[in-house]
Amino acid sequence: MSGGFVFSEKPIQIESGDGAYLYDTKGTEYLDFGASYAVTPLGHSHPAVTEAIQEQAETLTYVQASYPVEVRTELYEKLAALAPGDIENVWLCNSGTEANEAAMKFARAATGRSKIVATKRGFHGRTMGALAMTWKDKYKKPFEPLAGGVEFVPYGDGEALAEAVDDETAAFFVEPVQGEGGIHPATTEYLQHAREVTDEAGAALVFDEIQTGVGRTGNLWACEGVGVEPDILTSAKGIANGLPLGATLVKDWIADNPGDHGSTFSGGPVVCAAANATLDTIVDEDVPAHAAHVGEYLRSELEAAAETHDLPVREVRGSGLMIGIQIKRGANRVLKNLALSEQVLALPAGRTVVRLLPPLTIDESHADQFVESFAEVLG
Ligand SMILES: *Cc1c(COP(=O)(O)O)cnc(C)c1O
């Protein structure tokens, strides 16, 4: 297993998936409340997405982005229409970290400045530029030196932000809800303040919505929930329901001077077809509102179970179906027991947080199944 030197593999061999469930080679059914890091908002093997992929693969698998192709043009237009406010320009790539690399480059080219401000506990990816904006030393130390000019401020501290963002700042990068850092939602005031501070300094406000976007927090984009419009919004993870796609969505003043950027695989037709089907389904079926409703139910059931069974839970937080359960013990052991004795999959976010990013299409019965299993393991 040659990937083993990078990934520590789990003792479950997955063979297929259907909706909120994964199946291993022995036919055991697992409730998937991690969705492989929010990558399948519509659940596994969603028929509309599968059909779109099949049809496109039979018609045209790939042609470079400088030849217009209907399916790609459709995605450009769809994303421009769905993007918040006046964001009209779309750059496509293959992953979250690449979407953030592009955002960094575009912001530097458009402002003619180099300094980047990012947040403590933040996560923006693992390539050399995005990694430089990522907080945890564990991810960075062996690979230094990284891209220079990044200053970190405490997440949620308006004063520190106002001090750090100055007339040399190209951009402030922030997650509306920190994911990897432990599921910490920003306040509306903080994000509004970030908008004012960056406007005043002539810097770009970049929302990294790679985890929060595509309906996850109960709005299509988390920034809609707080009424703040960034200059750049980055998306990836769930945007094509499992195929690799990243998007950097930018306002005109950024797009007017993007520098020279490119990528061979930008906007491949098969991936675009999957994204079109994913976004159409999410919008047509109002999946974000559903996620808001089920998320609220799940959070309140978790709190009630913690109380009733006197579980070692400190806090349940998050929004929509992006939920962190801060527990009074190590998350990894709990997650292992959940998987092996209850056939329920979830994720960690740091040492003591159990992170839930289930498909947005789950219903209350899936939420009940999770809460019952969680109480069983933790109790
Ligand atoms: C996952 C993630 C990334 C990196 O995305 P990759 O596709 O793994 O490169 C960046 N920012 C946030 C907020 C993420 O959750």
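For clarity, every value in this text was computed on a predicted model and none was experimentally measured.

Draft legend 1. Structural detail: the domain arrangement of the protein chain. For the protein chain, the assigned domains read domain 1 (14–45 + 286–378) and domain 2 (47–284). For domain 1 versus domain 2, the distance between C-alpha centres works out to 26 Å. On the domain 2 side, the residues contacting the 29 residues of domain 1 number 29 residues. In total, about 2,200 Å² of surface goes out of reach between domain 1 and domain 2, with carbon and sulfur atoms giving 60% of it. If you sort the residues of domain 1 by the area they bury against domain 2, Leu-42, Pro-288 and Met-322 come out on top, with a joint share of 27%. Run the count over domain 1 and domain 2 and you get 1 salt bridge. In this structure, Glu-180 engages Arg-355 in a salt bridge whose closest nitrogen and oxygen atoms are separated by 3.1 Å. Where domain 1 touches domain 2, the interface holds 15 residue pairs in polar contact (both at pLDDT 80 or more). Sort the elements by how many residues they give to the side of domain 1 that touches domain 2 and helix H12 (residues 287–308) lands first, with 5 residues. Counted by class, the side of domain 1 that touches domain 2 contains 18 nonpolar, 8 polar and 3 charged residues.

Draft legend 2. Spatial organisation of the sheet that holds strand E12 (residues 246–250). Here we have 7 strands laid out as an open sheet, ordered E4-E12-E11-E10-E7-E5-E6, and mixed in their pairing. The two strands at the open ends of the sheet, each matched to only one other strand, are strand E4 (89–93) and strand E6 (150–153). Sheet twist, expressed as the average angle between the axes of neighbouring strands with direction ignored, equals 20°. Bridging between strand E10 (residues 204–208) and strand E11 (residues 232–235) involves 3 bridges; their strand directions are parallel. If you follow Asp-208 over to E11, its bridge partner there is Thr-234.

Draft legend 3. Main features of the site of the ligand. For the ligand, the full set of nearby residues is Ser-95, Gly-96, Thr-97, Asn-100, Phe-123, His-124, Gly-125, Glu-175, Asp-208, Ile-210, Gln-211 and Lys-237. A distance of 3.3 Å separates a nitrogen atom of the ligand from a polar backbone atom of Phe-123. At 2.6 Å from an oxygen atom of the ligand is found a side-chain nitrogen or oxygen belonging to Lys-237. About the coverage of the ligand: the protein hides 81% of its 380 Å² of free accessible area. Tallying contributions element by element places helix H4 (residues 96–111) first for the shell around the ligand, with 3 residues.

Draft legend 4. Structural detail: the packing of aromatic side chains. By the definition in use, this model includes 6 aromatic pairs. Arranged with centres 5.0 Å apart and planes meeting at 5°, the rings of Phe-33 and Phe-370 form a pair that is stacked. Of the two residues, Phe-33 sits in the loop between strand E3 (29–32) and helix H1 (35–38) while Phe-370 sits in helix H14 (residues 364–378), which places them 337 residues apart along the sequence. Accessibility classification places Phe-33 together with Phe-370 in one group, the buried group. On the basis of an interplanar angle of 75° and a centroid distance of 5.5 Å, the ring pair of Phe-123 and Tyr-139 is categorised as edge-to-face. Linking Phe-123 in the loop between strand E5 (115–119) and helix H5 (128–133) with Tyr-139 in helix H6 (residues 137–140), this pair joins segments that are 16 residues apart in sequence. When its relative accessible area of 15% is taken as the criterion, Phe-123 is described as buried. Members of the aromatic cluster, connected to one another through ring pairs, are Phe-33, Phe-370 and Phe-374.

Rules behind the numbers
- The numbers attached to residues start from 1 for each chain and follow its sequence in the written order.
- Totals for whole chains, interfaces and linings use every residue, but because this is a predicted model, local features are given only for residues with pLDDT of at least 70 and side-chain atom pairs only at 80 or more, for both listing and counting.
- Side-chain metrics rest on all non-hydrogen atoms present in the structure, leaving aside hydrogens and water.
- The split into domains, and so the bounds of each, comes from an automatic or database assignment of domains.
- Residues are treated as being in contact if the distance between any of their heavy atoms lies within 4.5 Å.
- The term buried area denotes the loss of accessible surface (1.4 Å probe radius) that occurs when two parts are joined, taken as the sum for both partners.
- Any Lys or Arg side-chain nitrogen found within 4 Å of a carboxyl oxygen on Asp or Glu counts as a salt bridge.
- Polar contacts, as used here, are pairs of N or O atoms within 3.5 Å; protein pairs need one atom able to donate a hydrogen and one able to accept it. Residues neighboring in sequence count only if both atoms are side-chain atoms.
- By the criteria applied, helices consist of DSSP H or I runs no shorter than four residues and strands consist of E runs no shorter than two, each listed in order from the N terminus.
- Gly falls in the polar group here, along with every residue not listed as nonpolar (Ala, Val, Leu, Ile, Met, Phe, Trp, Tyr, Cys, Pro) or charged (Asp, Glu, Lys, Arg).
- Strands are treated as partners if at least two bridges between them are detected by DSSP.
- Between the N-to-C directions of two axes lies an angle of 0 to 180 degrees, each axis being a line fitted to C-alpha atoms and, for a helix, fitted only over the stretch in contact.
- One heavy atom suffices: a residue is near a molecule or strand as soon as one of its heavy atoms comes within 4 Å of it.
- Here the open area of atoms and residues is found with the Shrake-Rupley method and a 1.4 Å probe, where only the protein chains shown may cover a residue.
- The aromatic pairing rule takes the rings of Phe, Tyr and Trp, using the six-membered ring of Trp, and pairs them if the centres are within 6.5 Å, calling planes under 30 degrees apart stacked, those over 60 edge-to-face and the rest tilted.
- The classification of residues rests on relative accessible area computed with a 1.4 Å probe and restricted to protein chains. Under 20% of the type maximum is buried, over 50% is exposed, and intermediate values are partly exposed.

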